[in-house]
Structures are given as structure tokens and as C-alpha cells.
Amino acid sequence: MKLGKCNLWIIALVTLFLAGTTPVVEARVKKGKAKSAVTKNGKKGKKASAGKNLTFTVKGVTFEMVPVDGGSFTTTNRVGYDQYDEKHVTLKSYYIGQTEVTQALWQAVMENNPSEVKNDNGPVENVRYEDCIFFIYKLNELTGKAFRFPTAAEWQFAARGGNLSKGYLYSGGNDINQVAWYEGNSDGKPHPVATKAPNELGIYDMSGNVSEWCAEYDDGTRSTSADIGPGLARPSATFYNGSWKSSPEECEIKYMDQNEGRSYPFIGLRLAL
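What counts, and at which threshold
Residues numbered from 1 in each chain as written. Predicted model: local features only at pLDDT ≥ 70, side-chain atom pairs only at ≥ 80, totals over all residues. Heavy atoms only, no water. Helix = DSSP H or I, 4+ residues; strand = E, 2+ residues; numbered from the N terminus. Buried < 20%, exposed > 50% of the residue type's maximum accessible area, 1.4 Å probe, protein only. Contact = heavy atoms within 4.5 Å. Areas by Shrake-Rupley, 256 points an atom, 1.4 Å probe, with all protein chains shown as cover. Salt bridge = Lys/Arg side-chain N within 4 Å of Asp/Glu carboxyl O. Lys, Arg positive; Asp, Glu negative; His and termini not counted. Axes fitted to C-alpha atoms, helices over the stretch in contact; angles between N-to-C directions. Parallel < 35°, antiparallel > 145°, perpendicular 65-115°, else oblique. Nonpolar A, V, L, I, M, F, W, Y, C, P; charged D, E, K, R; others polar. Core = buried A, V, L, I, M, F, W, Y, C linked by side-chain atoms within 4.5 Å.

Caption draft 1: A look at the overall build of the chain. Counting secondary structure elements, the chain contains five helices and ten strands. Across the 273 residues of the chain, 54% fall into the buried class. When contacts within the chain are restricted to residue pairs at least 6 apart in sequence, long-range pairs at least 24 apart make up 69% of them. Carbon and sulfur atoms make up 50% of the accessible area of the chain, which totals about 12,200 Å².

Right, dumping it as C-alpha cells:
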């Protein structure tokens, strides 16, 4: 029996929020101690946490997941420039990508590269929310893991620096030129990941470069806060952090936007686990 595209989309979406049970295929996973992140200019960032980074290799492409210790905070989401939405959230511990998903990793998993500005080390962009669901579904098949989108609350907590937060305006500092590629320094294009300074957890590009798709709600397993779930993510998804074409205001941690899942050359994704 053949499955239609709609059914495949539903299967992928449901699988995305379930624990991975598929055996590992062409993937290697290595645990290592969390190291100080080093930027292009040689500056070191703080250790991620008392936990360990996870290193994955898929078809020769390596990426790292940074541990984020659970904690409580008040989200501050600015929809556009005037509307604010605050919620008190308590999160359980999780992992989040040290960088945005690169074009090399997308190519290894999907065997295509939809990005407008091609660069193996650049963030994948020009991807719809639905495209990212299929990417994560296939990545989970290859690794036997349960990668997913971060929830909006998880994304913002990690961008702030988790429990090590210093309260910066942007992820990693108050000087946007040190931490982000945006309209003022990007030359009208995205740049290779991890070429600006990291934040307190050693995570890169959580302000600027490309905006990142997030799940709007969690499924009740990653948060103890009733006011952000439970419920699966809606197709009308959330994206955060501004991009290479954004103003400084749009690169602030609290800035977010939504659409119906269209692709743009300034939206990519970051993994959670």
C-alpha cells in the first residue's frame, strides 16, 4: 500500500516527538567533556555545564549538542515591536545544537541543499518547517536518536545562557557586532557558523545569521509548566533570533515571529535532544 504525501507528513511529525527506536545506520556517537568554545579570534567561552557535550558523526559530518541544565525563568517574547507575552516556565534538562544545522549536515541526511548561498559550513536556509520535520525524521532514522525542534521556551532559555545567564540583550553579549551577523555587518548574506563569539553556554549564532524554527508547544515531557502545553507543535511555527538581514532590535533574544511554514533564505534550524 502506498502512502500519500499527507500521510507521510503526519508520520514524520508524530515520529519527531517520539523516542527513536531505529538501529544506528552510518552514524557514530561519542560523549566527551564539555570544552570551552573557541571563536575565530581565539577568545574562549565558558563551559556549557557540568554535563558533557555529545558529538555525532553522520556520513562523515560531525556536529555537537550542548547540555543545558534545567531551570526556571520568565520568558519575554516580543511579537513584532510592541506586543509582549510573558510566561513563567520551569524546564527539564536537555541538549541543544552548538551551532545551527549546517548545509553539510543537511546534504548528508537529505542528499540535497536548498540554500541560496551555498557553503558547507554555512547554516542551511531556505527551508520550510515541513522540510525540517522530514530532515529530523531522517536524521533520527540514521542515528537511532530522538532529535527534534527546541520548544520556544527551550530556545530562549539556551539563548539567554541558561543558568549561567548574565542578562545580555543579545545571545552572548550586548555588543551585537561581537556576537551576531545582522544587517549592519553581514554584507547581505549568511556566514559560516561559529564565526562570532559564543554565549555563556558555548553556543553560537543564537542572535543573527539565520532565524531558527522552533516548536511552539512541548508535548508535556520537557516542561513542568502547564501554561506552555501540552500539545504538539502547530504547523504555524515560531522562529527566533533575527538573521543576516535583520535590524539590531530583531536580533534581540526576546524577538520572535511566526508564519505558515514558508521557506525564506534567512530561516534555518537548530536541533534539540
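Caption draft 2: Structural detail: the pattern of salt bridges. Counted according to the given criterion, the structure contains six salt bridges. Across the pair E111 and K59 runs a salt bridge, and its minimum N-O distance is 3.9 Å. Residue E111 is located in the loop between helix 2 (103–110) and helix 3 (129–143), and its partner K59 is located in the loop between strand 2 (52–58) and strand 3 (61–68); the two are separated by 52 residues in the primary sequence. You can call K59 partly exposed: its relative accessible area is 37%. Connected via shared salt-bridge partners are R128, E130 and D131.

Caption draft 3: Highlighting the side chain of E125. Inspection of the secondary structure puts E125 in the loop between helix 2 and helix 3. One buried charged side chain, E125, makes no salt bridge at all; its nearest oppositely charged neighbour is K118, positioned 7.1 Å away. For E125, the residues in contact, after removing those within four places along its chain, are P114, S115, E116, V117, P190, V210, Y264, P265 and I267.

Caption draft 4: Representation of unusual backbone geometry. For E111, which is not glycine, the phi dihedral falls at a positive 60 degrees. Assessed through its relative accessible area of 61%, E111 is described here as exposed.

Caption draft 5: Layout of the packing of helix 2 against helix 3. Running from N to C, helix 2 and helix 3 cross one another at 70 degrees; their axes reach a closest spacing of 9 Å. In terms of orientation, helix 2 lies roughly perpendicular with respect to helix 3. Listed contacts from helix 3 to L105, W106, V109 and M110 of helix 2 are D131, C132, F134, F135, K138, L139 and L142. Per-class residue counts for the contact of helix 2 with helix 3 are nine nonpolar, no polar and two charged.

Caption draft 6: Spatial organisation of the nonpolar core. By size, the foremost hydrophobic cluster in this structure holds 33 residues, and its most contacted members are F63, L105, F135, F149, L269 and L271. Only strand 2, strand 3, helix 2, helix 3 and strand 10 (267–269) provide two or more residues apiece to this core. It is helix 3 that provides the largest number of residues to this core, a total of seven residues. One finds V66, F73, L201 and M206 within the second-largest nonpolar core, a separate group that totals 17 residues.

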